[in-house]
Amino acid sequence: MGVLRRTQALLIWNIKRCLSGDIKKRPAYYHNPGTERLRAITTGQLINLAAEKWPKRNAIISLHEKKQLTFMQLKEQADQLGAGFVKLGLKPGDRLAVIGANTIHWYVTMQAAAKAGLILVMLNPAYRPLELSYALKHVGVKGVVTDHKFKTQNYPEILAEVAPGISKAPHGEPLNCPELPDLSFVIVATDEKLPGCYRYDDIMVSPQEKEIIFEVENQVQPDDPTCIQFSSGTTGQPKAAVLSHFGTINNGHFFGKRCGYDTMHHTLCLQVPMFHIMGSTLGILCALDFGMTLVLPGPSYKKEDTIKALEKHKCNVLYGTPTMHIDICNDLKKLFPEFPKLREACKDFKVVVSGGAICTPSLFKDIYNIFECKVQSAYGLTETSPICFTNTQNDTFEQRTTTVGFVADHLEVKIVDKEGRMVNFGESGEVWFRSFGNLLEYWGDEKKTKEAITSSNWFKIWV
């Protein structure tokens, strides 16, 4: 209820900007018509535009892998890998899962899948066999791209535990496992020739063969599904939220405009996981849209890696959850007196984004004092692609630290009672959203989809 009350308070604040009179007697509804038109564009087209605008600019720098790609190199690798997926037999609409930490091959896989019209199933790399089995079966995954090992996880072994036939199958040939009847391909980022698997580098076709992707990507439509993200909810099995190219790209675009990414080149330290919507939409898609350079400090969050990245690459944007920001701020306070170069590097910051949980006013003040920049709240959820509220460029410090921001562009929001009827401003209730970014459906769960989305296309949070 705390989140709902803060959201309700924000709505009152929004309306006061636009209306006069006694708003408490008015229905708790608000529509932000947006600052510019929505764009009918696919992720593949976004990649092509980025390569055309900024061919030699670094798209991504992975410090832990000691690798980097320019936007043109990204396009070339996405074309080659996408063509490899097509050559394997994957077709538009097939589900391709990706499992692993923040790496360049995860990043390229996302782009290649989009070009090939595949629906990318973004899985938590911490999944154990039972969770992984459920996810793969539920959405009928046909192919998996995975790390070999990460921390204590050995993903081919976990997959073989789910489907024992994988460990007995020959390398480099399609699978036929009764435990996972839809699964045909397991592609591993490794040099080893593992049983039942393909090597990632072997799937990437030669530059001369990549033309087969062009015809396929031209058939992909903006309203087509682009990814499935599992939303845990509060009870039962996680729900598989299906999101579109149109919804995720436009949502990321308007978030980026609110952050000022369109005003100059930004370098984003991406310490949040790519499989999460904050990393994939607000991170990867935003960067493609605005020509931002992504810096991966490590395969997963580690405050020491982030601090090294801030100093070495002079990042001017940082994403994180409140817990991450508390860790970083506490360490930087201790390090600044001893490391003046680090202090100087942090003075170049333009924005620090906080999402995933409510950020306290005191933490906002800590972030502001350390980075000397604006703090951007990112309030939303997976099913809305994700942003519903975020700050505007003109928000005061008080507005940034005591509200979740202003209603996102082209979004409608209302507060309703238990029967779904609008309450008046100042009254408690449940928040509903309606926008271009709402999920298409919960995969394979018509009942949950109908519970979450009303006949007039409002999305209800608590389902």
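Keep in mind that what you see is a predicted model, and the values were worked out from it rather than measured.

Engineer: How do you make sense of the packing of helix H12 (residues 322-335) against helix H14 (residues 361-371) when you look at a structure like this?
Structural biologist: Helix-helix packing is described using two parameters, namely the angle between the two axes and the distance between the axes. Contact pair H12 / H14: the axes reach a minimum separation of 10 Å and the direction vectors enclose 45°. Classified by the angle their axes make, H12 and H14 are oblique. Between H12 and H14 lies a crossing whose hand is left-handed. Contacts between H12 and H14 involve Pro 322, His 325, Ile 326, Ile 328, Cys 329, Leu 332 and Lys 333 from the first element and Leu 363, Asp 366, Ile 367, Ile 370 and Phe 371 from the second. Residue classes in the contact of H12 with H14 are distributed as nine nonpolar, one polar and two charged.

Engineer: What's the story with the layout of surface pockets in this structure? I'm lost.
Structural biologist: Empty space among the atoms becomes apparent when a probe as large as a water molecule is rolled across them. Roughly 350 Å³ of internal volume is contained in the second largest pocket. Lining the second largest pocket are 20 residues; nearest its centre among them are Glu 65, Lys 67, His 105, Ala 189 and Tyr 200. Elements with a minimum of two residues in the lining of the second largest pocket: strand S3 (67-70), helix H4 (104-115), strand S7 (149-150) and helix H7 (200-203). Looking at the lining of the second largest pocket element by element, the count peaks at three residues for S3. Residues that form the lining of the second largest pocket fall into these classes: eight nonpolar, six polar and six charged.

Engineer: How should I be thinking about empty space enclosed by the protein in this particular structure?
Structural biologist: Enumeration over the complete set of coordinates arrives at three cavities of 30 Å³ or more. Empty space within the largest cavity amounts to approximately 100 Å³. Along the wall of the largest cavity there are 13 residues; nearest its centre are Met 110, Met 122, Thr 226, Cys 227 and Leu 285. Class assignment of the residues belonging to the lining of the largest cavity gives a composition of seven nonpolar, six polar and no charged.

Engineer: Explain the nonpolar core to me, please; I cannot follow it from the model alone.
Structural biologist: Across soluble globular proteins, nonpolar side chains show a tendency to be buried alongside one another. Judged by nonpolar contacts, the single largest core of 90 residues is most densely connected at Phe 85, Tyr 107, Phe 255, Tyr 261, Tyr 319 and Phe 433. No other element matches helix H10 (residues 277-290), which puts nine residues into this core. Filtering out sequence-adjacent residues up to four positions away, Tyr 261 remains in contact with Phe 255, Gly 256, His 266, Cys 286, Phe 290, Met 292, Val 317, Tyr 319, Val 351 and Val 353. Ranked by size, the runner-up nonpolar core spans 35 residues in total, among them Ile 119, Val 144, Phe 150 and Phe 230.

Engineer: Help me understand the packing of helix H11 (residues 303-313) against H12 in this model?
Structural biologist: Two elements in contact, H11 and H12, have axes separated by 10 Å at closest approach and are oriented at 60°. By the angle between their axes, H11 is oblique relative to H12. In terms of crossing hand, the pair formed by H11 and H12 is right-handed. Residue-level inspection shows Lys 303, Thr 306 and Ile 307 of H11 in contact with H12, the latter providing Asp 327, Ile 328, Asp 331, Leu 332 and Leu 335. When grouped by side-chain class, the residues that make up the contact of H11 with H12 number four nonpolar, one polar and three charged.

Engineer: Quick question: what am I supposed to make of the environment of Ile 461 here?
Structural biologist: Considering the arrangement of structural elements, one finds Ile 461 in the segment after strand S23 (459-460). Accessibility expressed as a relative area gives 18% for Ile 461, which makes it buried. With residues near it in sequence (within four places) discarded, Ile 461 still touches Leu 381, Glu 430, Val 431 and Phe 433.

Engineer: Help me understand the environment of Lys 53 in this model?
Structural biologist: Its location among the elements puts Lys 53 in helix H2 (residues 43-53). Owing to a relative accessible area of 52%, Lys 53 belongs among the exposed residues under this scheme.

Engineer: Even after reading the chapter, I still don't get the sheet that holds strand S21 (residues 430-435), so can you show me in this structure?
Structural biologist: Through backbone hydrogen bonds, the strands of a sheet pair up, either in parallel or in antiparallel fashion. The sheet built from four strands is open, its strands ordered S1-S20-S21-S23 with antiparallel pairing. Of all strands in the sheet, those bounded by a partner on one side alone are strand S1 (29-32) and S23. With six bridges connecting them, strand S20 (residues 411-416) and S21 associate as antiparallel partners. Among the inter-strand pairings, Ile 415 is bridged to a residue of S21, identified as Val 431.

Engineer: What am I meant to see in the pairing of strand S5 (residues 119-123) here?
Structural biologist: In summary, the side chains of a regular strand alternate between the two faces of the sheet. In terms of burial, S5 is largely enclosed, as five of its five residues are buried. Burial along S5 is two-sided: Ile 119, Val 121 and Leu 123 facing one way and Leu 120 and Met 122 facing the other are all buried. Direction of pairing for strand S4 (residues 95-99) relative to S5: parallel, over a ladder of five bridges. Residue pairing in the sheet places Arg 95 in a bridge with Ile 119 of S5. Read as a crossover between parallel neighbours, the route from S4 over H4 to S5 is right-handed. Sheet topology note: the S5/strand S11 (residues 225-231) ladder contains three bridges and is parallel. Paired with Val 121 across the two strands is Ile 228, which belongs to S11.

Engineer: Teacher, can you tell me more about the side chain of Arg 95 here?
Structural biologist: You can see Arg 95 is positioned in strand S4. No salt bridge is formed by the buried Arg 95; the nearest opposite charge belongs to Asp 94, separated by 4.7 Å. From its side chain, Arg 95 meets the backbone oxygen of Val 139 in a polar contact 2.7 Å long. With residues near it in sequence (within four places) discarded, Arg 95 still touches Ile 119, Val 121, Val 139, Gly 140, Val 141, Lys 142, Gly 143, Ile 228 and Trp 443.

Engineer: Just to check I follow, could you spell out the environment of Ser 206 for this structure?
Structural biologist: Considering the arrangement of structural elements, one finds Ser 206 in the loop between H7 and helix H8 (212-217). Note: C-alpha distance between Ser 206 and Lys 137 (69 residues apart in sequence) is 32 Å.

Engineer: Looking at this model, I keep getting lost on the pairing of S21. Mind explaining?
Structural biologist: Strand direction decides the pairing type here: S21 and S23, joined by two bridges, are antiparallel. Among the inter-strand pairings, Phe 433 is bridged to a residue of S23, identified as Phe 459.

Engineer: How do you make sense of unusual backbone geometry when you look at a structure like this?
Structural biologist: Among all residues save glycine, negative phi is the norm, and among peptide bonds the norm is trans. The omega torsion across Ser 385 and Pro 386 is -5°, close enough to zero to call that bond cis. Mapped onto the fold, Pro 386 is located in the loop between strand S17 (374-380) and strand S18 (387-390). Positioned with a positive phi, Glu 372 is a non-glycine residue whose angle comes to about 55°. If you trace the backbone, Glu 372 turns up in the loop between H14 and S17. Look at Ser 385: it is not a glycine, yet its phi comes out positive at around 70°. Position of Ser 385 among the secondary structure elements: in the loop between S17 and S18. Look at Ser 385 and you get buried, because its relative accessible area is 0%.

Conventions used here
Residues numbered from 1 in each chain as written. Predicted model: local features only at pLDDT ≥ 70, side-chain atom pairs only at ≥ 80, totals over all residues. Heavy atoms only, no water. Axes fitted to C-alpha atoms, helices over the stretch in contact; angles between N-to-C directions. Helix = DSSP H or I, 4+ residues; strand = E, 2+ residues; numbered from the N terminus. Parallel < 35°, antiparallel > 145°, perpendicular 65-115°, else oblique. Left-handed = near helix turned anticlockwise from the far one by under 90°. Contact = heavy atoms within 4.5 Å. Nonpolar A, V, L, I, M, F, W, Y, C, P; charged D, E, K, R; others polar. 1 Å grid on protein atoms, 1.4 Å probe; cavity = no way out; pocket = protein on both sides within 12 Å on 5 of 7 lines; lining within 4 Å. Points joined across faces, edges and corners; volume = space filled by probe spheres on them. Core = buried A, V, L, I, M, F, W, Y, C linked by side-chain atoms within 4.5 Å. Buried < 20%, exposed > 50% of the residue type's maximum accessible area, 1.4 Å probe, protein only. Pairing = 2+ DSSP bridges. Right-handed = clockwise from strand over helix to strand, strands pointing away. Lys, Arg positive; Asp, Glu negative; His and termini not counted. Salt bridge = Lys/Arg side-chain N within 4 Å of Asp/Glu carboxyl O. Polar contact = N/O pair within 3.5 Å; in protein donor to acceptor, adjacent residues only side chain to side chain.

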